[in-house]
Amino acid sequence: MVSRRRSAGLLLYRRRGGDVEILIAHPGGPLWARKDDGAWTIPKGLLEPDEEPETTARREFAEEIGSPAPAGPVIELGDVTQASGKVVAAFAVEGDIDSSTVVSNSFEMVWPPRSGKLQSFPEVDRAEWVDPETARVKLNPAQVAFVDRLLDTLASQR
């Protein structure tokens, strides 16, 4: 049996008046440069062997956003399976950062294809605060479930 790749991510949210906003991240690199709707993601990454998903989510947030994940109560949002087959576990935490200061770690790939030239690109090229409706359009379709689960949880806490 082939094991599925597992990732974990952190959905950062904040409240503005009575409204919730969600931080979403746009993948960096030339393969994502012209993609928008359905291409954004929560900051996430692959689980290391024997690493707890929440630990991975916090590590990846720091690597991809450039600042540590806020402390505070965490809401478990469960898992989704993306079209690629990757299973993503997510956790939500309330906090606020300046999205214009996001500085991501980088990755290397041969670019242009077959050129033999290794180039470096940021894992995340930008992040934005958006309302839930915009998040539903911009996020990877499987990750939309995290937005709905967060909003359901927040509504039940009132």
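Below is a summary of the structure that appears in this document. Everything numeric here is computed off the predicted structure, so don't read it as measured data.

## Concerning the pairing of strand β5 (residues 87-94)
Among the eight residues that make up β5, seven are buried, leaving the element largely enclosed by the rest of the structure. Note that strand β1 (residues 6-16) and β5 share eight bridges and pair parallel. Its bridge partner being in β5, G9 is matched across the sheet by A90. Here strand β4 (residues 74-81) runs beside β5; their pairing, made up of seven bridges, is antiparallel. Bridge pairing in β5 places V74 opposite V93. The antiparallel pairing of β4 with β5 creates a hairpin that spans five residues between the two strands, and G85 there sits at a positive phi of about 95°.

## Comments concerning the pattern of salt bridges
All chains considered together, the criterion is met by 14 salt bridges. Ionic pairing is found between E54 and R58, a salt bridge with its closest N-O pair at 3.3 Å. Of this pair, E54 and R58 both sit in helix α1 (residues 53-65), four residues apart, roughly one helical turn. Owing to a relative accessible area of 23%, R58 belongs among the partly exposed residues under this scheme. A cluster of three or more residues bridged by salt bridges with shared partners is formed by R14, R16, E21 and D96.

## Focus on the packing of aromatic side chains
The geometry of an aromatic ring pair is captured by two quantities: the separation of the ring centres and the angle between the planes. In this structure the tally under the stated criterion is one aromatic pair. Residues F107 and F121 carry aromatic rings whose centres are separated by 6.0 Å and whose planes lie at 40° to one another, so their mutual orientation is tilted. Of this pair, F107 sits in strand β6 (residues 106-110) while F121 sits in strand β7 (residues 118-122); the two residues are 14 residues apart in sequence, bridging distant segments of the chain. When its relative accessible area of 27% is taken as the criterion, F107 is described as partly exposed. Exposure remark for F121: the relative accessible area of 14% places this residue in the buried category.

## Considering α1
Here α1 contains 13 residues, and its C-alpha end-to-end distance of 18 Å stays within 8% of the 18 Å for a straight helix at 1.5 Å per residue. Of all the residues in α1, the buried ones are T56, A57, E60, F61, E64 and I65. Buried residues in α1, looked at end-on, bunch into an arc of 135°, giving them a common side. For α1, the elements touching its buried residues are β1, β2 (19-27), β3 (44-46), β5 and β8 (124-130). Downstream of α1 by one or two residues, G66 has phi in the positive range, about 90°.

Calculation criteria
Residues numbered from 1 in each chain as written. Predicted model: local features only at pLDDT ≥ 70, side-chain atom pairs only at ≥ 80, totals over all residues. Heavy atoms only, no water. Buried < 20%, exposed > 50% of the residue type's maximum accessible area, 1.4 Å probe, protein only. Helix = DSSP H or I, 4+ residues; strand = E, 2+ residues; numbered from the N terminus. Pairing = 2+ DSSP bridges. Salt bridge = Lys/Arg side-chain N within 4 Å of Asp/Glu carboxyl O. Phe/Tyr/Trp six-rings, centres within 6.5 Å; stacked < 30°, edge-to-face > 60°. Expected span 1.5 Å × (residues − 1). Arc of directions from axis to C-beta. Contact = heavy atoms within 4.5 Å.

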